[in-house]
Structures are given as C-alpha cells and as structure tokens.
Amino acid sequence: MEPTAKTPAHAERKWMVRVERTLGAVAAHNHRRPARALLLAVVLAAVGGLLARGLSLNANLVDLLPESFQSVQDVREMERRFGALGWVVVVGEGGDAESLQRFADDLTPRLEALPGIRYVESKRPSAFFRDRALYFLSEEDLKEVHRRLEARLAWERRQANPLYVDLLEEEPPSLDFSDLEAKYGTSAGQRLSSNESDYYLDPAARRVVLLAKPETSSADLAFSRRIIDEVQGLLAAQDLSQYGPGFRTEITGTFQKKLDQQGQIARDIAVSSAVALALMLLYLVLHFRGVLAVGLVLTPVGAGLAWTYGLVAVLYGQVNLLTGFLGAILGGLGIEHGIHLLGRYLHLRGQGESSEAATRESFTHTGGAALVSALVAALTFFVLGTSRFRAFREFGVIAGLGMLVLIVSYVLVLPALLGLASRWGWKPGRGAVVTPEAPMGRLLVRRRGVLTAASAALLFALLTQLPGLRFDYDFGALEDQGLRSFVLDREVNRIIGYSQSPVVMLTDTPEEEQAVVRELQARQRARGDASTIDFVASLSSLVPERQREKQALLQELSRLVADVPEERLSPEQRADLVELRRQAEAAPYAATDLPPSVRQQFQGVGNGQSGFVLVYPAVSLADGAAIRSLAREVRGVQLPGGERLSAAGEPMVLADILEMVTHEAPLILGGATLAVLLAMWATLGGLRLALLCLTPTVVSLLALLGLMPLMGLEFNYLNILVIPVLIGTTVDAGVHLLTRLASPGSDFVAVYSETGRAITGGLLTSAVGFGALFLADHPGLNSIGALANLGFGTNLLIMLVAFPALLLVLSERRLRRHRARLARRPTPEGPEHATHAS
C-alpha cells in the first residue's frame, strides 16, 4: 500500500473555521448578486485611480532617512545657510587651449546672468596663492629656506675664490624645496590652485569646465529641471563655431545626474512593469488554457492595485526608489491567489459542482489558505515597515496594505465575475477543469527516501559556502555609472583635482572656524595615509596667521635671493629662483583681498555670513566602507565652548544609511521570522503544523544564502530587503499544500498534481513581478530582481521536490509508529484479533 502524506491532527480552530465559512458565504452572496459587488469595486477603483494621478517619484537619498536623523537635520540647516551643495557643470569640448579659455571667458558672465545661478567658477585662484605660497610656511620653515639659501651662497662664494682649493670635493648645497612643498601640499590654498593652468582645463582631452552654483538644492526636481533647461537654452543660443570646428558642449554635475537618474528610474518603472504584465498574461493563458480565465484573475488584481495606490496617494503623496515598482510586485503576488482560487473553482466544476457551490467551496478552504498566506505576507511586510529607512518603511507599509487589499478585492470581484459568467452560459472547457496527473508525484512516492537524502546533502553542501557571503558597500555599484552625465562627472573630478561634494561644517564665529580647521587637520595628520580627508578649506585657513612676522623673514629672504648667482644655476633652478623672488616680495593680505571666486565659495545664501568649513574627501563617495570611515573622522569635532559640531553633506547621509541598514537587517529578519511563525501558529491551530509550513521557506533561504557566493551575488543596502520579503511571500506554498493534504481522504498524487501546478504558477508570477526589477537599468533595483528571482527559483525546487519527499518520509514513519502502537495494544479478544486489527 502506498503511504499517504497526512499532517497530524490538531485542535479545532473554531475562530478560523468561522472566518473560512464567512469567506465562503460572502463569496456566494457576491456570486448571486454580482451587480452590487462590481459596482462597489468600480467606484473604489475610480476613486483610487483619481487619487493616484497625483503621485510623483522621489529618488532623493536624503528623503529616505527620518527627519530625526542628525545628518538629515544638518543637511536641511546647511541648505538654509550655505545653499545648494553641488553644481551645474558645463563642459566645452573640441577646441585648442586658447579657444577653450575664450569659451570659458565668454560664457561665464552669461551663465551668471541666469536666474537661479548664484555664481560661476571658471578659473582657479592659482596665481594668487602661488605668489603668496611662502606665507603658508611656518616661521621655522621660512628660516629653514633662509638657511639653505645661505649655505648655497656661502658655497658659491667659496667656489668663486681663486685661492680656494676644494680638497673634499663637496657637493653644492641643494636648493630643492620639494620636502617643504610636500609638507604643505594638502593645505587649502595649494589644493585649490594645484594646477599649472588658471582654468579648469585639460589640453590633452581638449576640454574645459565651468562650475555654476545654483541657489536651491538638487533635491528640488522642479527647480533642477528649470535650471538645466535654462542652461541648455543658453548653450543652444551660442555660436560654438567661433571656438573651432566640431566644438560642442555637455552638461553634468549633481543637478544633471539627479535628473538623469530620475528619468532612468521612471523609464524602468514603465518598461519593466509593461514587460512583467505581458509575461503574466502569457503565463496565465498557458496555465488556464483560456482567455476568459485570464480576465477573471487579472480584474481583481487591477481593482486592488487601484485601491492600493489610492491609499498610497493619501498616506505619502509620492513613491520612492522601491515603492515605484510595487505595482508589478503586488501584481505578481496577487495573481498567485487568483491561480489557487480559480484553479480550485475549475477543479470543482470539473467534478460536477454548480458554479455557486464551487465558488463557496473554493473561498471556504482555498480562500482560507489564501487569507492565511496574505495575512502572513502582510505581517512580514509590516515588520519591514518598522524600519527607519524610509525606502524600506514605505515599501513594507504599502506592500502589507496591498496584500490585504488584494484579498478583499478577490472576495468582492472574482465571485461576482464568476456569477455573471455562469449566468451568461459560460462553462469551463475540459482543458481548464481537468488537471493531468503529474508524473513527478509517482516518482516522489517511489523515491521519497533517495530524494530526501539527496536534498539534505545538497543543502549541506550549500551551507559550506556561507563564509563567502559578502555585503557590497559600493554605492557606485547601485547607480548606473554608464549614464553619460556620470561618466563625464568623473572626468570633471579628474580635471578639477578634488571632489565636487565636500562635507560642510557649520560654524558661527571665526574662532570656531579656526578651531574646527585645526582639529580636522590634526586628525588628518594623526591618521596619515589612512586618513579619508583630502584637505580642509575655510576663509580663515586661506589667510595665514602671523603674516607681519613672516613678512620680516621674507624681506630678509628677498635680500638673500638677490645675491644668488643665476649664471651657475640650471635652467630649472633659475626658473625656481625667479618664482622664489616673486614670492618673497609678496605683501600680507586679508580675507577681503582673496579673489572673488574664492570668497564666494564660503559665502552663505543671500551674501550671508560665512562660517563654513569645507572638508574635501580623499575617498570616492561610491566606496561605502570609506564613507563610513570619513563620517567617523569628521564627526564629533569639539568647539572651544565644549559643544560638538555636526557635519553635513551627502557622505554623512550615505554613511547613516549604511549604518542603519546593517544595524536593522538582523532585527527585521528575526522579527519577520517570529511574526510569521506566531501568525501561522494562531491561524493554523498548532505549532507543529506552523513549523512544518515554515520549513520550506527556511530551507530555501538557507540554500539561497549558499548559492549567492557561487552566483557572484552580494547583499547591498537595497537588496537586503529581499530576505524578509521572501519569508512572507513563499510561506503560502507550504500552507496550500499542507491544508489540502490534511483534508480527509486526500490522495497524495492527485493533491500534488493540482496544488503543485498552482504553486508553480503562483511562484512564477511572483518571480515575474520581481523580475520587473531585474529588467531595470538601475543596478540597485536590478540586484533586487536578481536576488528575488533566485530565491523564488530555489523555493520552487524545494516545494516541488524536497518538501513533498520529506512529507512522504515523515508520513511513512508516522504510519509505522501507529501500526506498532496498535500491535502492542492489548485487546479483550486476545492476540489473534489484535494482530488482525492492526
């Protein structure tokens, strides 16, 4: 006799039975009176659609953190006082050095005249700081320069003396000051002017750069579009042929990159969702072998999505980087319920049940399982909604509400549609109602032990790969670095010589400003090559201290330099000597003497007070691990009064995102698992059954983690949310299989054939929903789609092979124990009767 796979008996779940009967009764009522149900659905869908028309996409990273975060508050204060952090960068290409410089000179005043542009940087302050470089040396180092020059003059005088005989053949004292240049190479003045050209120019690439500073942050997309359009209009009006044949212009910088990324995500949402819908339609046609069945499944999903996005408009008014794709994701998850419900309805119709009876039965039992799975998935999403990371929180809340709304939509819409279809004489075709026996079912019965052992061995092999699991801290891998504005922006950074995105420290007095600069420079020196700071700049750091005392030393140095015999020097040394003479003659200067192009960088909005210390990072903003180190290095600067100063800027926000995600991920994972287990325990009526239903999900997640290193996949701050999502969305397959097998008189092969087909369809449509992200050009969203699809594929194999085989093995063992108990049980009739009864 073949073993059956029945689950153990458990306590009667009176409240769940009442819920299931209520579902069946409501569905039967909507089947009898479809007009009311459909009218209500249409009205709700129309309201939801009207509300959703005002939804907009917000991909700004700062808005993904709570306003309570210090980094967010600091950015808001920085924008209020300092203005926009970032540039509209105009790049001229295709001319010789002279033409490029002429283009920069011609365009600068025209750019500055545009409304919304505060100022334009087109020249470096190289000459100003080069002429005053000696004032940045300490008095001790100035004396060292004096000492070296004196030593060289003394040697020259000895060599010029005809009576002097050099018995030791001593080398001339060096006039190489490269050690001192290296010592002050990271000073603000040196770094801001560290180029031979006074322009932001690359003669080899035939490219010149102009930096336009807008008045408002790039987070304001309407302003960003307006300012970019104005710049593009200005460039289109220029006669570029005067700068050479083939001369052209391009725009990059923070504002252009934001718009390009926003446009890319919007395109991804439209294209990927359309492709996902087409794939779902194709699969449903093949699954049900009929077009009408596709409409029966998709209509409740469409209504539910309209309701859901109406709620999104009321709650948030916009979608973010992740929630923009929830239409495709929820569509896939919702279709899974439809496959199970309609599949059960068609099966019952094939057995001769009336349409209303089949509807009632489908929504009583299969609907109950769908409700359990939807509640569990919603609970998992709501756990994700406890995250402080706004992208995750909104994703969790919207997805959780969406799962519940979709179940309500199915109960309201699908029975009404079935009622209308039956009234109009629709009868399912034989291909739709007859489920062919799956050959895999017989194979599982015959080879249950071998398949269980092979699955366990494969899982063990995958678990050995867990040490290779990694978290990718590279933010650059989560943005499309191939976008033209991103490619050009890297070239601009190379030409400028330092980052365009400094961290801003907001101070109130010159004394605080100087204290912050000293503290940060001390930290930089203490860390040496491990420091993440390139250089620190402020108005005070660009005006050297003790200039009067240094001027006296420079005057002595000037007199000394005048006596150096140029005829005995090499051409390089002669050029250095000329430079040194000019530097020694420089007069002291104040902050008001700085070039306007320098002063305006430290000027607040509306020509307000300065008090800004700019910390330029020495690391890439794409390197998440380095950004976290930068945040630790610049935070917590103590002011003279004892209070600690905050640092504002995109690096601080990125660091907080990483810190928050890595801190919250284990808590959310643990919370989601516990919530799912408790919910299933409560709804299914027993801990043992709940654990059994959760087993394929846990095993598939462990297998997924083992597969990731083999597939070259890594976690990042976006795709980490896939793990709790998979917990909530894959558990329903186990619920459907076990609840069907627990029915009295169920046959394993028949149940496996029917339920396995529905499970396959449900997981495939869920995978297609997340597959919309896999089609996205945005690498971060693409990684979510790739990881989710690998997870669904792993779960599908486990649900079709490993888990049923395990259930058969457990059922066989339970049956043997039951027979053994019967054999040992004494009976009044004697041992012969007991043996016969067993």
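Our structure is the block above this text.
Treat the numbers as computed from the prediction; the structure is a model and nothing was measured. Numbering of residues begins from 1 in every chain and follows the order in which that chain's sequence is written. Under the rules for a predicted model, residues below a pLDDT of 70 receive no local features and side-chain atom pairs below 80 are neither given nor counted, while totals for whole chains, interfaces and linings still include all residues. The basis for every side-chain value is the complete set of heavy atoms in the structure, and neither hydrogens nor water enter the calculation.

Caption draft 1: Spatial organisation of the pairing of strand 8 (residues 503-506). Residues Val503 and Met505 line one face of strand 8 and the alternating positions Val504 and Leu506 line the opposite face, and both faces are buried. Between any two strands, at least two bridges found by DSSP are needed for them to pair. Where helices and strands are cited, they refer to DSSP runs of H or I of at least four residues and of E of at least two residues respectively, numbered from the N terminus. The sheet contact formed by strand 8 and strand 10 (residues 612-617) spans 4 bridges and is antiparallel. The residue bridging methionine 505 from the neighbouring strand is valine 613, located in strand 10. Summarising the sheet, strand 8 and strand 13 (residues 647-648) pair through 2 bridges and their orientation is antiparallel. When the bridges of strand 13 are listed, valine 504 appears paired with alanine 648. When accessible area is computed with a 1.4 Å probe and restricted to protein chains, residues below 20% of their type maximum are described as buried, those above 50% as exposed, and intermediate ones as partly exposed.

Caption draft 2: Just the environment of leucine 726, in detail. Its place among the elements puts leucine 726 in helix 26 (residues 722-741). Here the alpha-carbon distance between leucine 726 and asparagine 795, two residues 69 residues apart in the chain, equals 9.1 Å. Those residues in contact with leucine 726 that sit more than four places away from it in its chain are Thr697, Leu701, Leu704, Ala788, Gly791 and Phe792. Throughout, a residue-residue contact means that at least one pair of heavy atoms, one from each residue, lies within 4.5 Å.

Caption draft 3: Structural detail: the nonpolar core. The criterion is simple. A nonpolar core is a set of buried Ala, Val, Leu, Ile, Met, Phe, Trp, Tyr and Cys residues joined through side-chain atoms within 4.5 Å. If you look at the biggest cluster of nonpolar residues, it comprises 205 residues, and the most contacted ones within it are Phe395, Met505 and Leu520. Top contributing element to this core by residue count: helix 14 (residues 390-423), with 17 residues. The contact partners of phenylalanine 395, leaving out residues within four places of it in the chain, are Leu322, Thr323, Leu326, Ile329, Phe381, Leu384, Arg390, Leu721 and Val725.

Caption draft 4: Representation of the environment of leucine 483 within the structure. Along the chain, leucine 483 turns up in the loop between helix 17 (448-463) and helix 18 (484-496). A sequence separation of 223 residues divides leucine 483 from aspartate 260, and the C-alpha atoms of the two residues are 7.6 Å apart.

Caption draft 5: Representation of unusual backbone geometry in the model. With phi around 55°, arginine 206 is a residue other than glycine that occupies positive phi space. Summarising the element assignment, arginine 206 is placed in the loop between strand 4 (201-202) and strand 5 (207-214).

Caption draft 6: Inspection of the packing of aromatic side chains at higher detail. Each pair of aromatic rings taken from Phe, Tyr and Trp, with Trp reduced to its six-membered ring, is defined by centres within 6.5 Å and is described as stacked if the planes are under 30 degrees apart, edge-to-face if over 60, and tilted in the remaining cases. Summed over all chains, the structure comprises 13 aromatic pairs. Aromatic pair tyrosine 243 and phenylalanine 247: ring centres 5.4 Å apart, planes at 50°, arrangement tilted. Here tyrosine 243 and phenylalanine 247 have matching classes, each one buried. Considering the side-chain rings of tyrosine 498 and tyrosine 616, the 5.2 Å spacing of their centres and the 75° angle between planes classify their relative orientation as edge-to-face. Of the two residues, tyrosine 498 sits in the loop between helix 18 and strand 8 while tyrosine 616 sits in strand 10, which places them 118 residues apart along the sequence.

Caption draft 7: Quick peek at helix 25 (residues 687-711). Between the first and last C-alpha of helix 25 there are 35 Å, a value that for 25 residues agrees with the 36 Å anticipated at 1.5 Å per step. Bend, in this description, refers to the angle at a residue between axes fitted to the seven residues ending there and the seven starting there. Along helix 25, the sharpest change in direction is near 35° and occurs at leucine 694; proline proline 696 comes one to four residues later. Backbone geometry just downstream of helix 25 places glycine 712 in the positive-phi region, at approximately 75°. One less than the number of residues in a helix, times 1.5 Å, gives the span that helix is expected to have.

Caption draft 8: Examining the pairing of strand 5 more closely. The buried fraction of strand 5 is high, at 8 of 8 residues. The side-chain alternation of strand 5 yields two buried faces, one formed by Arg207, Val209, Leu211 and Lys213 and the other by Val208, Leu210, Ala212 and Pro214. One ladder, built from 6 bridges, connects strand 2 (residues 88-93) with strand 5; its direction is antiparallel. Within strand 5, the residue paired with glycine 92 across the bridge is valine 208. Direction of pairing for strand 3 (residues 117-121) relative to strand 5: antiparallel, over a ladder of 4 bridges. Residue pairing in the sheet places isoleucine 117 in a bridge with proline 214 of strand 5. What sits between the antiparallel neighbours strand 4 and strand 5 is a turn of 4 residues, in which arginine 206 has the positive phi angle 55°.

Caption draft 9: A look at the packing of helix 9 (residues 221-236) against helix 10 (residues 254-288). Their axes nearest at 10 Å, the elements helix 9 and helix 10 cross at an angle of 115°. Classed by the angle they form, the pair helix 9 and helix 10 counts as roughly perpendicular. The handedness of the crossing between helix 9 and helix 10 comes out as left-handed. Contacts from Leu221, Phe223, Ser224, Arg225, Ile227, Ile228 and Gln232 of helix 9 reach helix 10 at Phe255, Gln256, Leu259 and Gln262. Classifying every residue of the contact of helix 9 with helix 10 gives 6 nonpolar, 4 polar and 1 charged. Fitting a line to C-alpha atoms yields each axis, with helices limited to the stretch in contact; the angle taken between N-to-C directions then spans 0 to 180 degrees. For classification purposes, an angle smaller than 35 degrees is called roughly parallel, one larger than 145 roughly antiparallel, one from 65 to 115 roughly perpendicular, and anything else oblique. By definition, turning the near helix anticlockwise from the far helix through less than a right angle yields a left-handed crossing, and turning it clockwise yields a right-handed one. Polar here means any residue other than Ala, Val, Leu, Ile, Met, Phe, Trp, Tyr, Cys and Pro, which are nonpolar, and Asp, Glu, Lys and Arg, which are charged; Gly is therefore polar.

Caption draft 10: Expanded view of the packing of helix 12 (residues 326-350) against helix 26. Their axes nearest at 11 Å, the elements helix 12 and helix 26 cross at an angle of 15°. Between helix 12 and helix 26, the interaxial angle falls into the category roughly parallel. In the packing of helix 12 onto helix 26, the handedness of the crossing is right-handed. Judged by residue contacts, Leu333, Glu336, His340 and Arg344 of helix 12 engage Thr729, Asp732, His736 and Arg740 from helix 26. For the contact of helix 12 with helix 26, a count of residues per class yields 1 nonpolar, 3 polar and 4 charged.

Caption draft 11: Examining the sheet that holds strand 8 more closely. Pairing within the open sheet is antiparallel, and its 4 strands lie in the order 9-10-8-13. Since the sheet does not close on itself, it has two edges, and those belong to strand 9 (533-537) and strand 13, each with one partner. Where helix 3 (residues 70-81) meets the sheet, its contacts fall on strand 8, strand 10 and strand 13, and the angle it forms with strand 8 comes to roughly 80°.

Caption draft 12: The arrangement of a nonpolar patch on the surface in detail. Where nonpolar side chains cluster on the molecular surface, the patch consists of Leu39, Val43, Val47, Leu51 and Val314 and spans about 450 Å² of accessible area. Top contributing element to the nonpolar patch by residue count: helix 2 (residues 34-52), with 4 residues. Along the chain, the position of valine 47 falls in helix 2. Classification of valine 47 by relative accessible area gives partly exposed; the value is 44%. Grouping into patches uses exposed residues only, defined as over 30% relative accessible area, and leaves out salt-bridged ones; the cut-off is 9 Å for like charges and 5 Å for nonpolar side chains (Val, Leu, Ile, Met, Phe, Trp, Tyr). Accessible surface is estimated by sampling points in the Shrake-Rupley manner with a 1.4 Å probe; for residues, cover comes only from the protein chains shown. The rule for a salt bridge is simple: a side-chain nitrogen of Lys or Arg has to be within 4 Å of a carboxyl oxygen of Asp or Glu.

In short, the description is geometric, and any link to function would need to be established separately.
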